[in-house]
Number of protein chains: 2
Amino acid sequence: MTTPQRGRPKGQQASKLSSEKIIICAAELLQQQGKVPSLRQVSRALEVDPMALYHYFDNKAALLQALCLQLFTQLYQPSGRDFRLQIQRLCHSYLQLLSDYPGLLETVLSMADSGPAQVFCQRFEQALAPLNLSAAQQEAARDLLVDYLHGFALSMQCNRSGQPLTVAHSSAAINLYLDGLSAPNR
Amino acid sequence: MTTPQRGRPKGQQASKLSSEKIIICAAELLQQQGKVPSLRQVSRALEVDPMALYHYFDNKAALLQALCLQLFTQLYQPSGRDFRLQIQRLCHSYLQLLSDYPGLLETVLSMADSGPAQVFCQRFEQALAPLNLSAAQQEAARDLLVDYLHGFALSMQCNRSGQPLTVAHSSAAINLYLDGLSAPNR
DNA sequence: ATTAAAATTCTACACTGTAGATTTTGTAAT
DNA sequence: ATTACAAAATCTACAGTGTAGAATTTTAAT
């Protein structure tokens, strides 16, 4: 058992910590526990003082935002002509991330600029381009889908009923949505 | 300044507290602060010891559930032939409640049975009856709408961007949704 | 008169995020 | 070399959270 050593560690470039290490550790704990870990839990897992984390992040919210940015680089990148399939995959990927790492919804939603929701919207518009919707229609379609996904993600994470609610349970609603988009409006 | 009096109060039927008083107080604080108050804040406002609340509710979650039940008795009751209008009003009412009393979403979602979401679904199906959808279609339509509303409510409550997101901003998406429902499918 | 239940306060615990000061180490300037 | 300063960490401490458990007072029932 090594007793804690105060002050800057001796290693040259071997600082015990880094923002990457912190993020990875937080992600693991998040996945294991199924909820956002406390800073003390993260620091315990890293064998470090809680306040050390504040050298790398302004506060807990900033840490979670960085974690979100990192996680959502894995979001599915649509590329293909079949817009239905592309949107299905994009939604599935988005929901799977929110399901694997629950408790990030509020962080995601509070990151307006270039956050995960924004990235999703970009890729959504990209996949939807072939439909040639009007700007207003496209905006409404985007809003309906994005908020649906967030609501469904919240529903998964709050679900205490016996039968576990999984990403798969979203497909009927998403197909209905896509039917509505495909249908000639008015 | 009355010093706190320990033990059961003397009044015959005049117990200082009641579950109704607690719920009303919690609702007021929730509306004022825009977020769920702590039990200590509620107890302070009631000029009572925090632990007194536990005589009326098992825990904080139970208090919030009771509060939700009470609040959502105000939910719009659809009655009329125009299903579009009825659903619009129902959605507006649901969102307005979640907007006026923010922070209840997780409570609402964790109350599977006879909770607000359930009440909404009943009234939704009632309003949608004239459309004569198949059971599966109706279920998908319900899921899409309910989760959209929860996602939008969460979005309102997380929104830190300058322009305030209000219930009115949901109408375009809801109209798109209703268009999809009205259109002949396939 | 005795007992029990109801309604309340008190004390205490483990936990949270984080502000502020302190310590140690590495690096750059003189 | 010395001096200064920034970087990286720990320590202490605070105000806040939900809540378990015990003590207290009053009312109701036997």
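Conventions and cut-offs
- Residues numbered from 1 in each chain as written.
- Chains lettered and ligands numbered in written order.
- Predicted model: local features only at pLDDT ≥ 70, side-chain atom pairs only at ≥ 80, totals over all residues.
- Heavy atoms only, no water.
- Axes fitted to C-alpha atoms, helices over the stretch in contact; angles between N-to-C directions.
- Helix = DSSP H or I, 4+ residues; strand = E, 2+ residues; numbered from the N terminus.
- Parallel < 35°, antiparallel > 145°, perpendicular 65-115°, else oblique.
- Contact = heavy atoms within 4.5 Å.
- Nonpolar A, V, L, I, M, F, W, Y, C, P; charged D, E, K, R; others polar.
- Domains from an automatic or database assignment.
- Expected span 1.5 Å × (residues − 1).
- Buried < 20%, exposed > 50% of the residue type's maximum accessible area, 1.4 Å probe, protein only.
- Buried area = accessible area lost by both parts, 1.4 Å probe.
- Salt bridge = Lys/Arg side-chain N within 4 Å of Asp/Glu carboxyl O.
- Polar contact = N/O pair within 3.5 Å; in protein donor to acceptor, adjacent residues only side chain to side chain.

### Comments concerning the packing of helix H1 (residues 19-33) of chain B against helix H3 (residues 60-71) of chain B
Residue and element names in this part refer to chain B. Running from amino to carboxyl end, H1 crosses H3 at an angle of 85 degrees, the nearest separation of the two axes being 10 Å. Considering their axes alone, H1 and H3 lie roughly perpendicular with respect to each other. Of the residues in H3, those touching H1 at Ile22, Ile23, Ala26, Ala27 and Leu30 are Leu63, Ala66, Leu67 and Gln70. Its residues assigned to classes, the contact of H1 with H3 shows 8 nonpolar, 1 polar and no charged.

### Looking at the environment of B:Leu104
Here B:Leu104 shows up in the loop between helix H4 (83-100) and helix H5 (105-110). Here the alpha-carbon distance between B:Leu104 and B:Leu67, two residues 37 residues apart in the chain, equals 9.1 Å.

### Concerning the domain arrangement of chain A
Residue and element names in this part refer to chain A. Structurally, chain A comprises domain 1 (19-57) and domain 2 (78-182). Listed by partner, the interface residues are 6 residues for domain 1 and 5 residues for domain 2. Of the residues contributing to the side of domain 1 that touches domain 2, the split by class is 3 nonpolar, 2 polar and 1 charged.

### Let's talk about helix H8 (residues 171-182) of chain B
Given a rise of 1.5 Å per residue, 12 residues ought to cover 16 Å, and the 16 Å separating the end C-alpha atoms of H8(B) matches this to within 8%. Here H8(B) has its buried residues at B:Ala173, B:Ile174, B:Leu176, B:Tyr177, B:Leu178, B:Gly180 and B:Leu181. The inward-facing, buried residues of H8(B) abut helix H7 (135-158) and helix H8 (171-182) of chain A together with H4, helix H6 (116-128) and helix H7 (135-158) of chain B.

### Details of the interface of chain B and chain A
Facing 27 residues of chain B, the contacting portion of chain A comprises 27 residues. Interface of chain B and chain A: buried area, both sides summed, is about 2,400 Å²; carbon and sulfur atoms make up 74% of it. When residues of chain B are sorted by the area they lose upon contact with chain A, B:Leu144, B:Asp147 and B:Leu176 head the list and together hold 24% of the total. Inspection of the region where chain B meets chain A yields 0 salt bridges. On inspection of chain B and its partner chain A, the count reaches 0 residue pairs in polar contact (both at pLDDT 80 or more). Mapped by element, the contributors of at least two residues to the side of chain B that touches chain A are H5, H7 and H8 of chain B. The element contributing the most residues to the side of chain B that touches chain A is H7(B), with 14 residues. By residue class, the composition of the side of chain B that touches chain A is 14 nonpolar, 8 polar and 5 charged.

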